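Okay, here's what each chain looks like letter by letter:
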Amino acid sequence: MYARNTCGTPGCNRRALRNLEVCGQHAENFESINAESVEFLETNSVIREISVPGIRIVDKTLSGKQLLNCDFSYGHFENCSFDKSILQFVVMNHSVFRGCSFKGVRAIESIFACSSIVDCDFSGSDMVQNNFNGCAVIDSRFDGSDMMYSRFINADLQNSSFIDCNLKAVMFPNSMLKDVSFKYSNREDAIFEYVDKKRLL
C-alpha cells in the first residue's frame, strides 16, 4: 500500500506526492511530474500503488486499465474515459470530474467523496461499496449498475439517474435529491434516512 504522507509545507494538509515531501500544489516541477504520470497511466495496463494527488488529466482514454491502491485525490479529470477499467481501493476524493465516462467499470471500495461529478456516465458498472459521501453529482448517469453498499451520505444529486440499478443497502441519508430517477430500481432496499434504534426497542 502506498504511503499517505502529508505535505511538508507548513499549514498544508494535502497529501505529498510519491517519493516527495510536498504536494502537487507546492512542488516546483509539478507540470513535468503530472505529464510523466499521465504518460505512465496511458502506457501501462496495470497500475499499482501510484500516488499523484492533484493530478490533472484532460481528453485522455484510460479504458481497460487496472488501477489498484492508487491515490489521485484532489485531481481534475475532464473528458476522460475509464470505460471497462477496474478501480480497486482507488482514492479520488475532493476531485473534479467533468464529461467523464466510467461505463462498464468495476469499482471496489474506491473513494470519490467530496468530489464534483458533472455530466459523467457510470452506466452498466459494478460499483459495489464505493464512497460518494459529500459529492455534488449533476447531470450524471448510473443506469443499469450494481451500486450495492455504496454511500451517498450528505451528497447533492441533481438531474441524475439510477435507472434499473441494484440499490441494496445504498445509503442516501442527509442528501439532497432533485430530479433524480430511480425508475425500475429497488429503491425500497436503499437507505434514505437513519433509523433511530431507540424507537425499535
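For the structure itself, consult the block above.
Colleague: Whenever I open this one, the sheet that holds strand S6 (residues 96-98) confuses me. Can you help?
Modeller: In a beta sheet, neighbouring strands are held together by backbone hydrogen bonds and run either parallel or antiparallel to one another. The seven strands lie next to each other as S2-S4-S6-S8-S9-S10-S11, forming an open sheet whose pairing is parallel. Of all strands in the sheet, those bounded by a partner on one side alone are strand S2 (56-58) and strand S11 (176-178). Between one strand axis and the next, the sheet turns through 5° on average, direction left out of account. Sheet analysis places S2 next to strand S4 (residues 76-78), joined by three bridges and oriented parallel. From the neighbouring strand, Arg56 faces S4, where its bridge partner is His76.

Colleague: How should I be thinking about the packing of aromatic side chains in this particular structure?
Modeller: The geometry of an aromatic ring pair is captured by the separation of the ring centres together with the interplanar angle, meaning the angle of the planes. Summed over the entire model, instances satisfying the criterion amount to 22 aromatic pairs. Ring centres 4.9 Å apart and planes at 5° place the aromatic pair Phe77 and Phe97 in the stacked group. With Phe77 in strand S4 and Phe97 in strand S6, the pair connects residues that are 20 residues apart, well separated along the chain. Its relative accessible area of 1% is what places Phe77 among the buried residues. Owing to a relative accessible area of 1%, Phe97 belongs among the buried residues under this scheme. With centroids separated by 5.9 Å and ring planes inclined at 90°, the aromatic side chains of Phe162 and Phe172 adopt a geometry described as edge-to-face. Here Phe162, found in the loop between strand S10 (156-158) and S11, pairs with Phe172, found in the loop between S10 and S11; they are ten residues apart in sequence, far enough to count as distant.

Colleague: How should helix H1 (residues 30-43) be read in this particular structure?
Modeller: One turn of an α-helix holds 3.6 residues; hence residues three or four places apart share an orientation. With 14 residues, H1 should cover 20 Å at 1.5 Å per step; its first-to-last C-alpha distance of 20 Å lies within 8% of that length. Looking only at H1, the buried set comprises Phe30, Ile33, Asn34, Ser37, Val38 and Leu41. The buried residues of H1 occupy an angular sector of 130° when the element is viewed end-on, so they sit on one face. Facing away from the buried surface of H1 by more than 90 degrees, the exposed residues are Glu31, Glu36 and Thr43. The secondary structure elements touched by the buried residues of H1 are strand S1 (46-48), S2 and strand S3 (66-68).

Colleague: Help me out: how do you make sense of the sheet that holds S1 in this one?
Modeller: The strand order across the open sheet formed by four strands is S1-S3-S5-S7, and the pairing between neighbours is parallel. Strands at the two margins of the open sheet, each flanked by one partner only, are S1 and strand S7 (106-108). Between one strand axis and the next, the sheet turns through 5° on average, direction left out of account.

Colleague: Where do I start with unusual backbone geometry in this structure?
Modeller: Among all residues save glycine, negative phi is the norm, and among peptide bonds the norm is trans. The backbone phi angle of Tyr74 is positive, close to 60°, even though this residue is not glycine. With respect to the helices and strands, the residue Tyr74 is situated in the loop between S3 and S4. Non-glycine residue Asp164 carries a positive phi angle of around 55°. Secondary-structure assignment places Asp164 in the loop between S10 and S11.

Colleague: Is there a simple way to think about the pattern of salt bridges in this case?
Modeller: Should their charged atoms come close, side chains of opposite charge can pair. Taken as a whole and judged by the stated rule, the model has three salt bridges. For Lys60, the salt bridge identified is with Glu42, shortest N-O distance 3.7 Å. You can see Lys60 sitting in the loop between S2 and S3 and its partner Glu42 sitting in helix H1, a full 18 residues away along the chain. The salt bridge partner of Arg141 is Asp121, with a shortest N-O separation of 3.7 Å. Here Arg141, found in the loop between strand S9 (136-138) and S10, pairs with Asp121, found in the loop between strand S8 (116-118) and S9; they are 20 residues apart in sequence, far enough to count as distant. Residue Asp121 is classed as buried on the basis of its relative accessible area, which comes to 14%.

What counts, and at which threshold
- Residues numbered from 1 in each chain as written.
- Predicted model: local features only at pLDDT ≥ 70, side-chain atom pairs only at ≥ 80, totals over all residues.
- Heavy atoms only, no water.
- Pairing = 2+ DSSP bridges.
- Helix = DSSP H or I, 4+ residues; strand = E, 2+ residues; numbered from the N terminus.
- Axes fitted to C-alpha atoms, helices over the stretch in contact; angles between N-to-C directions.
- Phe/Tyr/Trp six-rings, centres within 6.5 Å; stacked < 30°, edge-to-face > 60°.
- Buried < 20%, exposed > 50% of the residue type's maximum accessible area, 1.4 Å probe, protein only.
- Expected span 1.5 Å × (residues − 1).
- Arc of directions from axis to C-beta.
- Contact = heavy atoms within 4.5 Å.
- Salt bridge = Lys/Arg side-chain N within 4 Å of Asp/Glu carboxyl O.

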